[in-house]
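The residues making up each chain are set out below.
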Amino acid sequence: MRWIIGVDRKQAAAALGWVKALAAQFDLSRVAWIRIDMGRGRYRGVYGRCWWPTKKLPMFRISCQVPGPYPTVVQTVRKPLYPGPDGRWPPVPKGCHVRGYGRDPRTGRVWLKLGAQTLLRDINEGIVWIFGHELYHFLRQTRQIAGRNTEAYADEFADWCLLRFRCCADRPPAAASWRSQ
Ligand SMILES: [Zn+2]
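If you're wondering where the values come from, they're calculated on a predicted model, not measured in any experiment. (Residues numbered from 1 in each chain as written. Predicted model: local features only at pLDDT ≥ 70, side-chain atom pairs only at ≥ 80, totals over all residues. Heavy atoms only, no water.)

Caption draft 1: Geometry of the coordination of the zinc ion. Here the zinc ion is held by the protein donor atoms H133 (NE2), H137 (NE2), E151 (OE) and E151 (OE), which lie 2.0 to 2.6 Å from it. Considering all four donor atoms around the zinc ion, angles at the metal cover 53 to 131 degrees and the coordination shape is irregular. For the zinc ion, all donor residues lie on one chain, and their spacing in sequence is H-x3-H-x13-E. Placement of the pair is H133 in helix α2 (residues 123–141) and E151 in helix α3 (residues 151–167), with a sequence separation of 18 residues. On the accessibility criterion, E151 (39% relative accessible area) is partly exposed. (Donors = N, O, S within 2.8 Å, 3.2 Å for Na, K, Ca; no water. Tetrahedral: all angles 85-135°; square planar, octahedral: opposite > 155°, others 65-115°. Helix = DSSP H or I, 4+ residues; strand = E, 2+ residues; numbered from the N terminus. Buried < 20%, exposed > 50% of the residue type's maximum accessible area, 1.4 Å probe, protein only.)

Caption draft 2: Just the sheet that holds strand β3 (residues 45–51), in detail. Here we have four strands laid out as an open sheet, ordered β1-β2-β4-β3, and mixed in their pairing. Looking along the sheet, the strands with just one partner apiece sit at the ends: β1 (2–6) and β3. Across the sheet, the mean angle separating the axes of adjacent strands is 5 degrees when strand polarity is ignored. Across the sheet, helix α1 (residues 13–23) touches β1 and β2 (31–37), and the angle it forms with β1 is around 160 degrees. The strands touched by α2 are β1, β2, β3 and β4 (60–68); relative to β4, the strand with the most contacts, the crossing angle is about 160 degrees. (Pairing = 2+ DSSP bridges. Axes fitted to C-alpha atoms, helices over the stretch in contact; angles between N-to-C directions. Contact = heavy atoms within 4.5 Å.)

Caption draft 3: Representation of the packing of aromatic side chains in the model. Under the defined criterion, the tally for this structure stands at ten aromatic pairs. Ring plane angle 85 degrees and centroid distance 5.4 Å describe the contact between F157 and W178, whose orientation is recorded as edge-to-face. Of this pair, F157 sits in helix α3 while W178 sits in the segment after α3; the two residues are 21 residues apart in sequence, bridging distant segments of the chain. Using a relative accessible area of 3% as the deciding quantity, one classes W178 as buried. (Phe/Tyr/Trp six-rings, centres within 6.5 Å; stacked < 30°, edge-to-face > 60°.)

Caption draft 4: The sheet that holds strand β6 (residues 97–103), seen in detail. Strand order in this open sheet of three strands is β5-β7-β6, and the pairing throughout is antiparallel. Each edge of the open sheet is held by one strand with a lone partner, namely β5 (72–81) and β6. Taken pair by pair, the neighbouring strands of this sheet meet at an average axis angle of 30 degrees, ignoring direction. Running over the sheet, α2 touches β5 and β7 (110–120) and is turned about 150 degrees from β7. Each of β5 and β7 touches α3; the most contacted strand, β5, lies at about 130 degrees to it.

Printed below as a string of C-alpha cells:
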C-alpha cells in the first residue's frame with residue numbers, strides 16, 4: 001500500500017500522523033494506494049472516493065481531496081427517521097434537519113430523509129473527516145468494521161473520527177470497536 005501525499009506535510013502533520021495510525025490498525029493488503037491532495041480546482045470543501053476492485057485492477061483505492069477553504073461545512077446524511085408503531089413521528093434528532101420524504105411503493109413504508117452539518121475548521125480536520133468517510137467504505141466492504149455500507153454510516157464514522165481527533169490528536173482510537181449510535 002502506497003501513500004500519495006499532495007498536501008503541505010508541515011501544515012497537515014497532525015492529521016497525516018493520525019490517519020496513518022488509524023489506517024495501520026487494519027488490514028490494508030487489498031488497498032493499492034491512498035491519496036490525499038488538494039484536488040484539481042474544480043470543487044471546494046472536502047470530497048473523496050473509494051474505488052472498489054475491478055477485473056483490470058483488483059485492488060481498492062482511496063482518494064481524498066481537501067482544498068477547503070476553511071472553515072468549511074459538510075452536508076452529511078443521517079439515518080432516516082421512521083414513524084412509530086402508532087404512526088406518529090418521533091422528534092427530529094437535535095442538530096438534524098429534514099431533507100425530504102421517502103416512500104416504498106411496494107410496502108407503503110414511509111420515512112423522513114435526515115441531514116446534518118459538520119464544521120471542519122482547518123485542513124487537519126478536513127483530512128481526518130474525509131479520510132474517515134472513505135476508509136469506512138473500504139473497511140465495511142472488507143468486513144473489518146461494523147455497520148452498513150451507506151453514506152449515513154460513512155458520515156457517522158467520519159464525525160466520530162473528527163471528535164476523537166479533536167480530543168486526542170496524539171492517539172487514534174481503537175476503530176475496529178466502533179459501533180453506530
Ligand atoms: Zn461515501
